[in-house]
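Coordinate analysis (summary)
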Amino acid sequence: MSTRTLVSPAVLAHPRGKAVYWTVFTGVVLLFALAFLFPVYWMATGAMKSPDEVAQTPPTLLPKRWHLDGFTDAWDLMQLPQHLWNTVVQAAGAWAFQLVFCTAAAYALSKLRPAFGNVVLGGILATLMVPAQALVVPKYLTVADLPLIHTSLLNDPFAIWLPAVANAFNLYLLKRFFDQLPRDVLEAAEIDGAGRLRILWSVVLPMSRPVLGVVSIFALVAVWQDFLWPLMVFSDTDKQPISVALVQLSQNIQLTVLVAAMVIASIPMVALFLVFQRHIIAGISAGSTKG
């Protein structure tokens, strides 16, 4: 069975057609790369310019003189170590809670097949249709006065950790991956006497490393870049994450220092992606194949 493409093989076989194809392809790739990478480049070089050069018109592509003082000033004046540590604690806790509970729920819905499991899954997925802004007030009222125990979670990392557990997208991503695991392997483990939890720990989780990596990245990035929710639940400035602190402490701060702080704040997530990019790509493509 032949597959129809935008450019026919006959055109690609011709030298002129091949040259036009690769020219257009290279131009489109470079255009998209420029659109995504140029803002990052502009931020990184802006932190190394003088305040006057950052504000001048027309702007310069390269700094006339390279200044690194903005990074040291941002590190000290904006208390970046403390706020970065707050962000790490909040992101790590949200990742751990989400990985444990979403994995358990996805495994139950996929392999244990409880009664009304499809109804429960449908209700969970229906929350994806609700705008995130519409849930802000109910979530705030919940964490401000936790039902049953009537405890306030404001200015507490649990105000970030617990709402992060209810992530319908990551749960569905895990369930779809678990659905595609070969039943022969799971049945063989069951014949050997392994229980449900043993199968999950010793068989399912080792086979699910790619999708667990993707879910981990999604969970960490979501907390790292979130602004509105941490702003609402952390009135104590000493406990605010980096996303909120950059805005709260930006008053009376030079633009180059603020841009340098933004560069420092983005380094952990960029480094995380560069280290685990192979696992991320493998996890994204894993859901499209059967087996």
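Residues numbered from 1 in each chain as written. Predicted model: local features only at pLDDT ≥ 70, side-chain atom pairs only at ≥ 80, totals over all residues. Heavy atoms only, no water.

Some points on the layout of surface pockets
- Volume-wise, the largest pocket comes out at about 960 Å³.
- If you go around the largest pocket, you meet 29 residues; those closest to its centre are Ala132, Lys139, Pro163, Ala166 and Asn167.
- Going through the elements one at a time, helix H5 (80–112), helix H7 (136–144), helix H8 (158–165), helix H9 (168–179), helix H12 (209–225) and helix H13 (228–233) are the ones with two or more residues in the lining of the largest pocket.
- Here the lining of the largest pocket gets five residues from one element, more than from any other, and that element is H8.
- Class assignment for the residues of the lining of the largest pocket results in 23 nonpolar, four polar and two charged.
- Reported here for the second largest pocket is a volume of approximately 300 Å³.
- The wall of the second largest pocket is formed by Val221, Trp224, Gln225, Ile242, Ser243, Leu246, Met262, Ala265, Ser266, Met269 and Val270.
- When contributions to the lining of the second largest pocket are tallied by element, the ones reaching two or more residues are H12, helix H14 (242–248) and helix H15 (255–286).
- In terms of residues, the lining of the second largest pocket owes the most to one element, H15, which gives five residues.
- A breakdown of the residues in the lining of the second largest pocket according to their chemical character gives eight nonpolar, three polar and no charged. (1 Å grid on protein atoms, 1.4 Å probe; cavity = no way out; pocket = protein on both sides within 12 Å on 5 of 7 lines; lining within 4 Å. Points joined across faces, edges and corners; volume = space filled by probe spheres on them. Helix = DSSP H or I, 4+ residues; strand = E, 2+ residues; numbered from the N terminus. Nonpolar A, V, L, I, M, F, W, Y, C, P; charged D, E, K, R; others polar.)

Looking at the side chain of Gln240
- Considering the arrangement of structural elements, one finds Gln240 in the loop between H13 and H14.
- Relative accessible area serves as the criterion here: at 2%, Gln240 is assigned to the buried category.
- Within the structure, the side chain of Gln240 is placed 3.1 Å from the backbone oxygen of Phe234, a separation counted as a polar contact.
- For Gln240, the residues in contact, after removing those within four places along its chain, are His83, Asn86, Phe234, Ser235, Ala245 and Gln248. (Buried < 20%, exposed > 50% of the residue type's maximum accessible area, 1.4 Å probe, protein only. Polar contact = N/O pair within 3.5 Å; in protein donor to acceptor, adjacent residues only side chain to side chain. Contact = heavy atoms within 4.5 Å.)

Remarks on the pattern of salt bridges
- Applying the stated criterion to the full structure yields three salt bridges.
- When the shortest N-O distance is used, the salt bridge between Arg176 and Asp179 registers 4.0 Å. Within this pair, Arg176 and its partner Asp179 are both found in helix H9, separated by three residues, close to a single helical turn.
- One salt bridge connects Arg183 with Glu187, and the closest N-O pair in it is separated by 3.9 Å. (Salt bridge = Lys/Arg side-chain N within 4 Å of Asp/Glu carboxyl O.)

Focus on the packing of aromatic side chains
- Enumeration according to the criterion identifies eight aromatic pairs in this entry.
- Ring centres of Phe158 and Trp161 lie 4.9 Å apart, and the angle between their planes is 65 degrees; on these two criteria the pair is classed as edge-to-face. Here Trp161 and Phe158 lie together in helix H8, a separation of three residues that amounts to about one turn.
- The class of Phe158 is partly exposed, set by a relative accessible area of 33%.
- Seen in terms of ring centroids, Phe169 and Phe218 are 6.0 Å apart; in terms of plane orientation they differ by 45 degrees. Their pairing is tilted. Here Phe169, found in helix H9, pairs with Phe218, found in helix H12; they are 49 residues apart in sequence, far enough to count as distant.
- Put simply, the rings of Phe97, Phe101, Phe158 and Trp161 pair up and form one aromatic cluster. (Phe/Tyr/Trp six-rings, centres within 6.5 Å; stacked < 30°, edge-to-face > 60°.)

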